[in-house]
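# Analysis of the macromolecular model
Here is how the chains run, residue by residue.
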Amino acid sequence: MKQDPVRENSVGFLIHEVARLLRRRFEEEASVHGFTLPQWRALAEISRNPGIAQVQLAAAIDTDQMTVSGIVSRLERRGLIERNPDPNDSRAKLAQLTPAGTELVASAKNVGRAVYQDALSGLGDAEGEALTASLRTIRDNLNRMAAEQKEAV
């Protein structure tokens, strides 16, 4: 199959490819530790937001509520999180890490840092900072565009 040099060098294609390859690399690392990538993402989000409700967790990791329910149940069975009733909503459960979950998240962060360091090898500090700033600008532009589109409706 002939490669299209314009496509191969377009920003959108490159962002998609980098995201896909990072996701694949994280999936490989997660499986080594006995997790799926969605489980790993849920643990990280619960770590950042202790006492998060499942509906908020689903939005934060961009997953539907039924999928998050299964993820949370599996993490709870493994003793990595616990769910407690929400004092303000009897139907809701709030998730937080157990000590074992906290320990696992700490080691997972180290694995994540190593993946990112490997991915960024060959870039100098200034190049890495410029890349981060550029990606942040792209993200902010897209969020602004989405907000403006919602306002227009």
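Okay, so let's go over this structure. (Residues numbered from 1 in each chain as written. Predicted model: local features only at pLDDT ≥ 70, side-chain atom pairs only at ≥ 80, totals over all residues. Heavy atoms only, no water.)

## What to know about the pattern of salt bridges
What the rule picks out here adds up to 8 salt bridges. Among the ionic pairs, R139 bridges to D140, the shortest N-O distance being 3.0 Å. Residue classification places R139 among the partly exposed residues on the basis of a relative accessible area of 44%. A cluster of three or more residues bridged by salt bridges with shared partners is formed by R25, E28 and E29. (Salt bridge = Lys/Arg side-chain N within 4 Å of Asp/Glu carboxyl O. Buried < 20%, exposed > 50% of the residue type's maximum accessible area, 1.4 Å probe, protein only.)

## Some thoughts on the environment of A44
Among the structural elements, A44 can be located in helix 3 (residues 37-48). For A44, a relative accessible area of 23% gives the class partly exposed. Here the alpha-carbon distance between A44 and R136, two residues 92 residues apart in the chain, equals 20 Å. (Helix = DSSP H or I, 4+ residues; strand = E, 2+ residues; numbered from the N terminus.)

## Remarks on the pairing of strand 3 (residues 89-97)
Relative to strand 3, strand 1 (residues 52-53) is paired through 2 bridges, and the arrangement is antiparallel. Bridged to I52 within strand 3 is A95. Pairing analysis gives 6 bridges linking strand 2 (residues 81-86) to strand 3, with the strands arranged antiparallel. By the bridge assignment, I81 is partnered in strand 3 with L97. The turn joining strand 2 and strand 3, which pair antiparallel and follow one another in sequence, is formed by 2 residues. (Pairing = 2+ DSSP bridges.)

## Points about the packing of aromatic side chains
Taken as a whole and assessed by the stated rule, the structure comprises 2 aromatic pairs. An aromatic cluster of at least three residues, connected via ring pairs, comprises F26, W40 and Y116. The ring centre of F35 lies 4.2 Å from the NZ or CZ of R78, which sits over that ring. (Phe/Tyr/Trp six-rings, centres within 6.5 Å; stacked < 30°, edge-to-face > 60°. Lys NZ or Arg CZ within 6 Å of the ring centre and 35° of its normal.)

## Here's the deal with helix 6 (residues 99-119)
Given a rise of 1.5 Å per residue, 21 residues ought to cover 30 Å, and the 30 Å separating the end C-alpha atoms of helix 6 matches this to within 8%. Those residues of helix 6 that sit buried are G101, L104, V105, A108, V111, G112 and V115. Looking down the long axis of helix 6, one finds its buried residues gathered within 125° of arc, a one-sided arrangement. Exposed and facing more than 90 degrees away from the buried side of helix 6 are P99, E103 and Q117. Summarising the contacts, the buried residues of helix 6 are in contact with helix 2 (11-32), helix 3 and strand 3. (Expected span 1.5 Å × (residues − 1). Arc of directions from axis to C-beta. Contact = heavy atoms within 4.5 Å.)

## Details of the nonpolar core
General note: in soluble globular proteins, nonpolar side chains tend to be found buried as a group. Counting residues in hydrophobic clusters, the biggest one holds 26 residues, and the most contacted among them are F35, L43, I46, L57, L75 and I81. Listed by contribution, the elements that provide at least two residues to this core are helix 2, helix 3, helix 4 (54-60), helix 5 (65-77), strand 3 and helix 6. Residues contacting I46, with those up to four places away along its chain left out, are I52, L57, I81, A95, Q96 and L97. (Core = buried A, V, L, I, M, F, W, Y, C linked by side-chain atoms within 4.5 Å.)

## Focus on unusual backbone geometry
A positive phi angle, close to 55°, is found at D62, a residue other than glycine. Looking at the element boundaries, D62 is found in the loop between helix 4 and helix 5. Relative accessible area serves as the criterion here: at 71%, D62 is assigned to the exposed category.

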